[in-house]
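# Tertiary structure, described
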Amino acid sequence: MTGSRIVALGHYQPAKVLTNADLAAMVDTSDEWIRSRVGIETRHVAGPDEPVDELAAHAGAKALASAGLTPADIDLVLVATSTAIDRSPNTAARVAARLGMGSPAVMDLNVVCAGFTHALATADHTVRAGAASRALVIGADKMADITDWTDRTTCVLVGDGAGAAVIEATGPGEEPGIGPVLWGSVPEMGHAVRIEGTPPRFAQEGQSVYRWATTQLPPIAREVCERAGVTPEELAAVVLHQANLRIIEPVAQKIGAVNAVIARDVVESGNTSAASIPMALSKLVERGEIESGDPVLLFGFGGNLSYAGQVIRCP
């Protein structure tokens, strides 16, 4: 096996939409304040009867249907999430049960906002090693469960959702569709993004995250392209973690992807943590904004301060 590739994508968001006007009725904020600081207009919020594994299963089912596969075709399920309330069964196991899978390996990864790109790399490595033939990789988070809805500095940011990708081995002579990962963290700054306490609550040091992301991440993202043998100018799309439009736009500009479509799903979905990259990518493909085979930079960053990125070929 020479590598792996993404063969299909899927995404899911809860039906309930929370607008900036809705939030202004809940806390001391306004539509203008939110748009000017983070660029978000709406977000989807799951209800108490919609657990994170349900969001993940919906996205996974759509990806499987798009790939023309059945649940029995999957032998590895990886779910990136930091908002699962229960420890066991883990979210991946619950997704496998909801989808009626046979006996896949099931693992959760908690790397917060960089979770999906870490999980994608893990699936790629596993398939390359021959330990799995097809993997379902999902990023899913229900931020509503860990948000203090009286804190205007955080509640305006978040949304709920899930995105999924089906991964399989490339055939003999085929070019890999998932490039080398570049990943790491800044452990001494892990306090800058936190989900702590009982009950757990999301908090962050916004200015510290902004400075780190806009100054330290662009050269790392350019190195991701270099490892994949692609120049930033050759990228068809850039899908960064959808944290904040005021981070996405300057980072994308500094990367130098002058010909790329820049994913801005944060405007309508808010910050959905591990779901943000696969959900934004799935929407770009669904709308036909990128074509099969196009090189796309995926780059996750956030909690721990962790990061991970790779260049993939659009399915």
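That block above? That's the structure.
Overview of the structure. Note on numbering: residues in each chain are counted from 1, in written sequence order. The predicted origin of the model limits local features to residues at a pLDDT of at least 70 and limits the giving and counting of side-chain atom pairs to 80 or more, whereas totals for whole chains, interfaces and linings rest on all residues. For the side-chain quantities, the full set of heavy atoms in the structure was used; hydrogens and water were omitted.

### Focus on the side chain of Thr272
- As for its position among the elements, Thr272 is in the loop between helix H9 (266–269) and helix H10 (276–286).
- Whenever a nitrogen or oxygen atom comes within 3.5 Å of another N or O atom, the pair is scored as a polar contact, on the condition that within protein one atom can donate a hydrogen and the other can accept it, and that pairs from neighbouring residues in sequence are kept only if both atoms are in side chains. Of note is the side chain of Thr272, whose polar atom sits 3.1 Å from the backbone nitrogen of Ser276.
- By the convention used here, residues are in contact when the closest approach between their heavy atoms is within 4.5 Å. Excluding residues that lie within four positions of it along the chain, Thr272 makes contacts with Asp141, Gly159, Asp160, Gly161 and Met279. Think of it this way: any DSSP run of H or I at least four residues long counts as a helix, any run of E at least two long counts as a strand, and we number them from the N terminus.

### Overview of the packing of aromatic side chains
- Only centres within 6.5 Å qualify two rings of Phe, Tyr or Trp (six-membered ring in Trp) as a pair; their planes then separate them into stacked at under 30 degrees, edge-to-face at over 60, and tilted for everything else. For the coordinates displayed, the defined rule picks out three aromatic pairs.
- Aromatic pair Trp212 and Phe301: ring centres 6.4 Å apart, planes at 70°, arrangement edge-to-face. Here Phe301 lies in strand S13 (residues 295–302) and Trp212 lies in helix H7 (residues 206–228), a separation of 89 residues in the sequence.
- Between Phe299 and Tyr307, the ring centres sit 6.4 Å apart and the planes meet at 10°, which makes this aromatic pair stacked.
- The buried label applies to any residue whose accessible area, calculated with a 1.4 Å probe on protein chains only, is under 20% of its type's maximum; exposed applies above 50%, and partly exposed to all values in between. Classification of Phe299 as buried rests on a relative accessible area of 1%.
- Overall, the relative accessible area of 15% leaves Tyr307 in the buried class.

### Describing the state of the cysteines
- Any two cysteine sulfur atoms lying within 2.5 Å of each other are counted as a disulfide. All chains considered together, the criterion is met by zero disulfides.
- Looking at Cys113, it has no disulfide partner, and the nearest cysteine sulfur is the one in Cys155, 17 Å off.
- Classification of Cys113 by relative accessible area gives buried; the value is 11%.
- Cys155 sits in the buried class, given a relative accessible area of 0%.

### Re the pattern of salt bridges
- By definition here, a salt bridge exists when the distance from a side-chain nitrogen of Lys or Arg to a carboxyl oxygen of Asp or Glu is within 4 Å. What the rule picks out here adds up to 16 salt bridges.
- Note that Asp124 and Arg128 form a salt bridge whose closest N and O atoms lie 3.0 Å from each other. Taken as a pair, Asp124 and Arg128 lie in helix H5 (residues 115–128) at a separation of four residues, close to a single helical turn.
- Look at Asp124 and you get buried, because its relative accessible area is 3%.
- Put simply, Arg5, Arg134 and Glu168 are held in one network by salt bridges that share partners.

### Description of helix H4 (residues 91–99)
- Taken together, the buried positions of H4 are Thr91, Ala92, Val95, Ala96 and Leu99. Projected down its long axis, H4 shows its buried positions confined to an angular sector of 140°, all on one face.
- Those residues of H4 that are buried lie in contact with helix H3 (52–67), strand S4 (76–80), strand S5 (105–109) and strand S6 (134–142).
- After H4 finishes, the residue Gly100 shows a positive phi value of roughly 70°. This arc describes the spread of directions from the helix axis toward the C-beta atoms.

### So, the sheet that holds strand S11 (residues 237–240)
- Reading across from one edge, S8-S14-S13-S11-S12 is the order of the five strands in this open sheet, with mixed pairing throughout. At either end of the open sheet lies a strand with only one pairing partner, and these are strand S8 (182–185) and strand S12 (261–262).
- Note: S11 against S12, two bridges, orientation parallel. Paired with Val238 across the strands is Ile262, a residue of S12.
- To obtain each axis, a line is fitted to C-alpha atoms, and for helices this fit is confined to the stretch in contact; angles are then taken between N-to-C directions over 0 to 180 degrees. Lying on the sheet, H7 is in contact with S8, S13 and strand S14 (306–313); it crosses S13 at an angle near 145°.
- Of the strands in this sheet, S11, S12 and S13 touch helix H8 (residues 245–255), which is tilted by about 135° from S11. Any two strands with at least two DSSP-identified bridges between them are counted as paired.

### With respect to unusual backbone geometry
- Geometrically, the link from Ser88 to Pro89 is a cis peptide bond, its omega value of 0° lying close to zero.
- In this model, Thr198 is joined to Pro199 through a cis peptide bond whose omega is 0°.
- Positionally, Pro199 belongs in the loop between strand S9 (193–196) and strand S10 (201–204).
- Not every positive phi belongs to a glycine, and Ser273 is a case in point at roughly 55°.
- Its identity is not glycine, yet Asn304 carries a phi of approximately 95°, on the positive side.

### Examining the sheet that holds S5
- If you trace the five strands from one edge of the open sheet to the other, you get S1-S7-S6-S4-S5, paired in mixed fashion. Each end of this open sheet is capped by a strand with a single partner; those strands are strand S1 (4–12) and S5. Direction aside, the axes of adjacent strands within the sheet are offset by 20° on average.
- Relative to S6, S4 runs parallel, the two sharing five bridges. If you follow Leu78 over to S6, its bridge partner there is Val137.
- Packing against the sheet, H10 makes contact with S1, S6 and strand S7 (160–169), and its axis sits at approximately 95° to S1.

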